[in-house]
Amino acid sequence: MEKSTAYVLQVRPRIPERLSRLEELANNLWYSWDRSSRALFARLHPGLWKATGQSPKAFLKRVDEQRLQEAAEDRVFMANFNRVLADYDTYHGYVSPERVDDQLGENEFVAYFCAEFGFHESFPIYSGGLGILAGDHCKAASDLRLPFIGVGLLYRQGYFHQFIDGEGNQIASNSDSNFDDLPIAPAYLVDGSEATITLDLPGRQLHIKIWQAKVGHVTLYLLDTDLESNNPHDRDITHRLYGGDKVMRLEQEIVLGLGGAKALQVLELNPTVWHINEGHAAFLILERIRQKVQNEGMDFQTALECVAVNTVFTTHTPVPAGHDHFSAELLETYFAHYLPTLKIDRETFLSLGYSSDSPDFNMTSLAIRGTRFHNGVSRIHGEVSSSICGEMWPQISPEENPMTYITNGVHAPTFLAAEWVEVLERGLGMEWNGRMTDVEFWKNVERIPDHLFWSVRRMLKAKMLNMVRERISAQHFRNHGSEAHLDRLLKYVNPENPNVLTIGFARRFATYKRATMLFNDLDWLREIVSDPDRPVVFIFAGKAHPADVPGQDLIRRITEISRMPEFVGKILLIEGYDLGLSRKLVAGVDVWLNNPLYPLEASGTSGMKAGINGTINLSVLDGWWGESYDGSNGWAIKPLSESLPEEVRTREETRTLYELLQDQVVPLYYQHDKLGFSQNWVRMAKRSMATIMPRFNSRRMVEEYLIKCYLPASRQHQRYRANNFEVSHEISAWKARVRQAWNGVTARRTDTAVSDISFGQSLSLEVAINLNGLDPSDIRVEVLLGFQSKRRNARYVRHFYLQPAGKYNGAGEHLFVLTLDPEQCGKLEYQIRCYPHHDMLTHPFEMGMMRWL
């Protein structure tokens, strides 16, 4: 039979005038954290809403016009519609009170670059934690009315869709997004034409289109190479998130960094602060330098200083191997034509990405050398990053180098279940949303009646279990399972009677996260889960990267355990982990389990999302939990020393996990009183919410970035660009002079060290320094004084500066002196050091140079 041709015809409904603003709601990602707006679309056609992936824009293209006309005449629907519009207009019309000291000024704003952004499952340009954090950062910036834009890539394919077959094999499925279904629109230039840019790649020009998305008050700009004017290879550069080989990865990072900076230039946007969220976007440093060299006539080093002072770099990687790196040969291929525009040679260029552990060009090294504000994403990760990146400041100890930390947070309006809103309004007052970071205020969670708190927890758990039943059933039947076996699988997953202790583990399946640590002693685990009076269910979900075979082996192992007769129905694995599933799980399970290998969890945020919903964390003391755990808000697995073999650490930490489950978690949950629940469990759940909400929400995180990074960076930018970039030129010349002289700088004491004085006596210190051509004002000579400590050499509490007192002798030494009056009695210890000093440095130790006596 002859084949026929199928022609596609899209018939769009005409939206009634009274509902015309539905399109406005559909084109602003405000809907990603406003449940009322999403519910509005779902009411029109629940089945279609689900079928379109809860995408308002895709939904409006497909909904039947008759339903829209009926809704326009439905008084209940219109009342809800008008309430949503009122909330939308209030949110977008609100202007923060005028505050001068702690806000960016007029014409100041932040540009935030990231390779992925996760706002909602209907906008799939994210893969996991990094993207969702970036999305939460944008949302919180919008909530705070921070002048802020985002820059990223627009992928046809986000992270893959996951299916798991009956043997536990992960099947990755990719599908292209239709840009017409996404909440995006082309960006336009001031002359009204569509915004595009070009980049020079080896032997060709790459054409890039700029799109934009609205995220509340924030605009996100996205770059797209899938244009007919590009060759097939180049069209694929932004086709798949983290797709392809090393060459494709480099090209994506060139588009994000060079292209992103160039895009803002053609859009006539001039950020006063630039934020590189992970090293993928570090090439923006080079493009900004190029613009300074070409447009301002600067030399490379001056341009670098000018660019670095208002650039922030956040690293999320806890191991050196995790940082992106490319071979020198590959970099030369792609940047040979670019170097003349920077006015540097090959060696200078490659030195920007140098690290001692590899001959490759390291993107983290480039990011650190081209920025003056650097941070990890938790206290522990900040310490780890200070050590990993310590070679950037070779003579500075990790404790004092410029790497600091700002702990991640989660966007509470996105991840706090709607069921809590009324309870919080009644228990804490209508102002609870405005006091999100007030630690004392959140102690009032204790005032919520136990039975009311528990009823919300049961409701959330029932909804979660209902979703689990749906997903497990679909997965089971697709894999040709029987109805009889499905009954066994779902025996303890009963939304009508949600009284079984349910523990969740959902995250990326990477080996360091140790998803299968729970199964190290199956006899012990069997004993924990099989008490008929106190059953326990574990729910697993997550994806392994398609190229990560060990990660996929974890999925197979969980499947294998879940099929053992004694664990059927007690170990469940759900496929297709995404933001929608995450929201249900973190809010609905009783306990959130996390057992990474310390210190490889940079921060982690899923436990925060769980905690703000009254779910209790059971976690290794790594990442954020190392700061949050206080002994009363969850359970902690103390990690063993890193010096021990990994198998020993895992064995002993598994023992701790089993003991906590058997001796504390399970008994506490089933400690039911006459009201039918455990009051002590509710007490801990309240404590979880009260302690985690104010300290680990993204509003606090962005406010901390504002105070620690954005405001200082913007102020430094003003100083360095004033008077035709006078300070930029001065600092560049000063650093060159210091670098040339520093190896010849020596220091020695000229006084005799005294070891015993009486209180009230003075201690005179004299240090002679050979400045090797530097001026006495170019260095600072410092005494660190503190009580002696056995744990460390000394606990320094006071800093004193020696003052220059003229030349010491004919050998070119200069004398620095100090008369010190100790204010404490006891065994004190002091040390003397000197280092380069200039009032315009962003960090006192940014040059990485120091001499100790």
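Scroll up a little and you will see the structure.
Draft legend 1. The arrangement of the overall build of the chain in detail. Counting its secondary structure elements, the chain contains 29 helices and 27 strands. Taken against the 2.2 N^0.38 rule, which gives 29 Å for 853 residues, the C-alpha radius of gyration of the chain at 30 Å falls within 12% of a compact globule. Within the chain, the proportion of its 853 residues that are buried is 57%. Contacts spanning at least 24 positions in sequence make up 73% of the contacts within the chain whose residues lie at least 6 apart. About 35,800 Å² of surface is accessible on the chain, with carbon and sulfur atoms providing 48% of the total. Charge-centre separation for the chain: the mean point of 92 positive side chains lies 3 Å from the mean point of 106 negative side chains.

Draft legend 2. Quick peek at the pattern of salt bridges. If you walk through the whole model with that rule in mind, you get 48 salt bridges. Between Glu704 and Arg700 there is a salt bridge, with the nearest N and O atoms lying 2.8 Å from each other. Here Glu704 and its partner Arg700 are both found in helix α29 (residues 698-742), four residues apart, which amounts to about one turn of the helix. Like Glu704, the residue Arg700 is buried in the burial classification.

Draft legend 3. Local environment of helix α10 (residues 284-296). For α10, with 13 residues, the first-to-last C-alpha span of 17 Å sits near the 18 Å given by 1.5 Å per residue. Of the residues making up α10, those classed as buried are Leu284, Ile285, Leu286, Glu287, Arg288, Ile289, Arg290, Gln291, Lys292 and Val293. Immediately beyond the C-terminal end of α10, within one or two residues, lies Gly297, with a positive phi of roughly 70 degrees.

Draft legend 4. Region of the structure containing the environment of Arg156. Within the secondary structure layout, Arg156 lies in the loop between β2 (148-153) and β3 (161-164). Taking the C-alpha atoms as reference points, Arg156 and Gly322, separated by 166 residues in sequence, lie 25 Å from one another. Not counting residues within four places of it along the chain, the set of residues in contact with Arg156 comprises Ser175, Asp176, Ser177, Phe179, Asp226, Thr238 and His239.

Draft legend 5. View of the sheet that holds strand β17 (residues 571-574). Taken in spatial order, the six strands make up an open sheet running β17-β16-β15-β18-β19-β20, and their pairing is parallel. The open sheet has two edge strands with one neighbour each: β17 and β20 (634-637). The mean inter-strand angle of the sheet, taken between neighbouring strand axes irrespective of direction, is 20 degrees. Of the pairings in the sheet, the one linking strand β15 (residues 501-506) to strand β18 (residues 591-594) comprises two bridges and is parallel in character. By the bridge assignment for β18, Gly504 is matched with Trp592. Running over the sheet, helix α28 (residues 679-692) touches β15, β18, β19 (616-620) and β20 and is turned about 75 degrees from β19.

Draft legend 6. Region of the structure containing the packing of helix α11 (residues 300-308) against α29. Where α11 meets α29, the closest approach of the two axes is 8 Å, and the angle between their N-to-C directions is 115 degrees. In terms of orientation, α11 lies roughly perpendicular with respect to α29. Of the two elements, α11 crosses α29, and the hand of that crossing is right-handed. Facing α11, whose interface residues are Gln301, Thr302, Glu305 and Cys306, α29 presents Tyr720, Phe725, Ser728, His729, Ile731, Ser732, Lys735 and Arg739. Classifying every residue of the contact of α11 with α29 by side-chain character gives four nonpolar, five polar and three charged.

Draft legend 7. Structural context of the side chain of Lys543. With respect to the helices, strands and loops of the structure, Lys543 is situated in the loop between β16 (536-541) and α23 (549-562). Among buried charged residues, Lys543 stands out as having no salt bridge; its nearest opposite-charge side chain is Asp578, 6.8 Å away. Within the structure, the side chain of Lys543 is placed 2.5 Å from the backbone oxygen of Phe160, a separation counted as a polar contact. Beyond its immediate chain neighbours, meaning those up to four positions away, Lys543 contacts Tyr159, Phe160, His161, Gln162, Gln170, Arg507, Arg508, Phe509 and Tyr577.

Draft legend 8. Summary view of the nonpolar core. Core analysis: the biggest nonpolar cluster contains 140 residues, and Leu22, Leu25, Phe123, Phe283, Leu286, Phe335 and Tyr710 have the highest contact counts within it. Apart from the residues lying within four places of it in its own chain, the contact partners of Phe283 are Leu250, Glu253, Ile254, Gly257, Leu258, Leu331, Phe335, Phe361, Met363 and Leu366.

Draft legend 9. Expanded view of the pairing of strand β1 (residues 110-113). Residue alternation in β1 divides its side chains into two sets, Val110 and Tyr112 and Ala111 and Phe113, and both sets are buried. Here four bridges tie β1 to β2, and the two strands are oriented parallel to one another. Residue Val110 lies in a different strand from β2, and its bridge partner there is Phe148. Assessed by its sense of winding, the connection that carries the chain from β1 through helix α7 (residues 129-143) to β2 is right-handed. Two strands pair when backbone bridges link them, and β1 and strand β9 (residues 273-277) are joined in this way by four bridges, in the parallel orientation.

Draft legend 10. View of the pairing of strand β8 (residues 218-224). The element β8 is extensively covered by neighbouring structure, given that seven of its seven residues are classed as buried. Burial along β8 is two-sided: the residues Val218, Leu220, Leu222 and Asp224 and Thr219, Tyr221 and Leu223 are all buried. Sheet topology note: the β2/β8 ladder contains five bridges and is parallel. Bridge pairing in β8 places Leu153 opposite Leu223. Note: strand β7 (residues 204-215) against β8, seven bridges, orientation antiparallel. Of the residues in β8, the one forming a bridge with Ile210 is Leu223. In sequence, β7 turns back onto β8 through a hairpin of two residues, with Gly216 there showing a positive phi of about 65 degrees.

Each value, and the rule that gives it
Residues numbered from 1 in each chain as written. Predicted model: local features only at pLDDT ≥ 70, side-chain atom pairs only at ≥ 80, totals over all residues. Heavy atoms only, no water. Helix = DSSP H or I, 4+ residues; strand = E, 2+ residues; numbered from the N terminus. Rg over C-alpha atoms; globule rule 2.2 N^0.38 Å. Buried < 20%, exposed > 50% of the residue type's maximum accessible area, 1.4 Å probe, protein only. Contact = heavy atoms within 4.5 Å. Areas by Shrake-Rupley, 256 points an atom, 1.4 Å probe, with all protein chains shown as cover. Lys, Arg positive; Asp, Glu negative; His and termini not counted. Charge placed at Lys NZ, Arg CZ, Asp CG, Glu CD. Salt bridge = Lys/Arg side-chain N within 4 Å of Asp/Glu carboxyl O. Expected span 1.5 Å × (residues − 1). Pairing = 2+ DSSP bridges. Axes fitted to C-alpha atoms, helices over the stretch in contact; angles between N-to-C directions. Parallel < 35°, antiparallel > 145°, perpendicular 65-115°, else oblique. Left-handed = near helix turned anticlockwise from the far one by under 90°. Nonpolar A, V, L, I, M, F, W, Y, C, P; charged D, E, K, R; others polar. Polar contact = N/O pair within 3.5 Å; in protein donor to acceptor, adjacent residues only side chain to side chain. Core = buried A, V, L, I, M, F, W, Y, C linked by side-chain atoms within 4.5 Å. Right-handed = clockwise from strand over helix to strand, strands pointing away.

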